[in-house]
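An overview of the molecular structure
In case you want the letters, here they are:
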Amino acid sequence: KANRMFHPADSVIDVSGVKVGGNEDIVVIGGPCSVETRESLFQIAEGVAAAGAKMFRGGAYKPRTSPYAFQGQGTLGVQWLTEVREAYHMPIVSELMSIDKLQEFDENVDLIQVGARNMQNFDLLKALGTIRKPVLLKRGLSNTIEEWIMAAEYIMAGGNENVILCERGIRTFEKYTRNTLDLSVIPIIKQKTHLPIIIDPSHATGDWRLVESMSLAAIAAGADGLIIEVHNNPECAWSDGAQSLKPDKFKTLIEKGRAIAKVV
Ligand code: PEP
Ligand code: MN
């Protein structure tokens, strides 16, 4: 179902009115790694909206490497995200980690993220095939393009064809960056599938100083959008502060990105 051969036209995924893919404008999603407090969420959302982002991200359930690290605000976090959506008119993106929260996400979240660590959680993918909410499917930490497309196929096989792919860097021997951003997937995914693809330069690099250049490169390579971690006070972020942009840098990035999008 994802195969370009049987579906030559680019798919355009409608996320509560924001269109992703095809010849639509690039879609930039911004927001904190984790939903922290209601107050900080609203402060960040104000900057993200003012910067010109089309959607707002925030993790309410967090797949942390350590069980002792902050695990997320859960249902309360989802609730605050819906309040941000009403206040700033941005669809919200959040990660679903387990099937038991499927209904909560279907009812409250506009774009359901499947994190890298769950890319091959086949039961979760099948469950997402039973609903019609758009899904943002991140590439696994060490997964091939073929495996990634097959993961999308699991969701689509169930009847949910609203899938957006997201490259977020893969594991290599290189330790200077958190992951290695595989930009070559953009033209490959475009060739093999009709699905939109967006890039997450924040998790791909792990370093805010690299986020702008990788974002611009991704747009030049034909990406349909970006998902970027933004925080008002990255030094104090509860997760992923080192890779989070402040709103002013995020705004500049969007302006430059739009200029590049015009010429590709
Ligand atoms: C995230 O988006 O905060 C996240 C945990 O991403 P990934 O699954 O790509 O590591
Ligand atoms: Mn993160």
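Residues numbered from 1 in each chain as written. Chains lettered and ligands numbered in written order. Predicted model: local features only at pLDDT ≥ 70, side-chain atom pairs only at ≥ 80, totals over all residues.

1. Here we look at the overall build of the protein chain
A tally of regular secondary structure across the protein chain gives 9 helices and 10 strands. Projected onto its principal axes, the C-alpha coordinates of the protein chain cover approximately 45 × 40 × 40 Å. Across the 264 residues of the protein chain, 49% fall into the buried class. Counting only contacts in the protein chain whose residues sit at least 6 apart along the sequence, the fraction spanning at least 24 positions is 68%. (Helix = DSSP H or I, 4+ residues; strand = E, 2+ residues; numbered from the N terminus. Buried ≥ 20, exposed ≤ 12 C-beta atoms within 10 Å, placed from the backbone. Contact = placed C-beta atoms within 7 Å.)

2. Quick notes on helix α8 (residues 208-220)
Over its 13 residues, α8 runs 19 Å from end to end, which matches the ideal 18 Å to within 8%, given 1.5 Å per residue. Of all the positions in α8, only W208, V211, M214, S215, A218 and I219 are classed as buried. (Expected span 1.5 Å × (residues − 1).)

3. Brief notes about the confidence of the model for the protein chain
Mean pLDDT over the protein chain works out to 98, with 100% of the residues at or above the 70 mark. Confidence metrics for the complex model read pTM 0.98 and ipTM 0.99. (pLDDT = per-residue confidence, 0-100.)

4. With respect to the pairing of strand β8 (residues 163-167)
Of all the 5 residues making up β8, 5 are buried; the element is thus mostly covered by neighbouring parts of the structure. As defined by bridge partners, strand β7 (residues 135-138) adjoins β8 across 4 bridges and the pair is classed as parallel. Opposite L137, over in β8, you have L165 as the bridge partner. Handedness of the crossover is the feature at issue here: the chain leaves β7, passes through helix α5 (residues 145-157), returns alongside β8, and the resulting connection is right-handed. (Pairing = 2+ DSSP bridges. Right-handed = clockwise from strand over helix to strand, strands pointing away.)

5. What about the nonpolar core?
M55, L137, A152 and L165 are the most contacted members of the largest nonpolar core, which totals 76 residues. If one sorts the elements of this core by residue count, α5 sits on top with 7 residues. The residues contacting A152, other than those within four sequence positions of it, are A2, L137, V163, L165 and L195. (Core = buried A, V, L, I, M, F, W, Y, C linked by C-beta atoms within 7 Å.)

6. Examining the sheet that holds strand β9 (residues 197-199)
Reading around the circumference, β3-β4-β5-β6-β7-β8-β9-β10 is the order of the 8 strands in this closed barrel, with parallel pairing throughout. Direction aside, neighbouring strands of the sheet carry axes that sit 25 degrees apart on average. (Axes fitted to C-alpha atoms, helices over the stretch in contact; angles between N-to-C directions.)

7. A look at the packing of helix α1 (residues 38-51) against helix α9 (residues 247-263)
Following both chains from N to C, one finds α1 and α9 inclined at 20 degrees, their axes separated by 9 Å at the closest point. The angle between the axes of α1 and α9 places the two elements in the roughly parallel class. Between α1 and α9 lies a crossing of right-handed hand. Residues G47, V48 and A51 of α1 form the contact with α9, whose participating residues are P247, F250, K251 and I254. (Parallel < 35°, antiparallel > 145°, perpendicular 65-115°, else oblique. Left-handed = near helix turned anticlockwise from the far one by under 90°.)

8. Some thoughts on the environment of R171
Secondary-structure assignment places R171 in the loop between β8 and α6 (185-192). Residue classification places R171 among the partly exposed residues on the basis of 13 C-beta atoms within 10 Å. Measuring from C-alpha to C-alpha, the distance between R171 and S40 comes to 32 Å, with 131 residues separating the pair along the chain. Aside from chain neighbours lying at most four places away, what touches R171 is L141, S142 and N179.

9. Examining the packing of helix α4 (residues 122-129) against α5
Packed helices, taken two at a time, are described by the angle their axes make and the gap between the axes. Their axes nearest at 6 Å, the elements α4 and α5 cross at an angle of 40 degrees. The angle between α4 and α5 falls in the class oblique. Side by side, α4 and α5 meet where F122, L125, K126, L128 and G129 of the first sit next to A151, Y154, I155, M156 and A157 of the second. Looking at the contact of α4 with α5 residue by residue, the classes come out as 8 nonpolar, 1 polar and 1 charged. (Nonpolar A, V, L, I, M, F, W, Y, C, P; charged D, E, K, R; others polar.)

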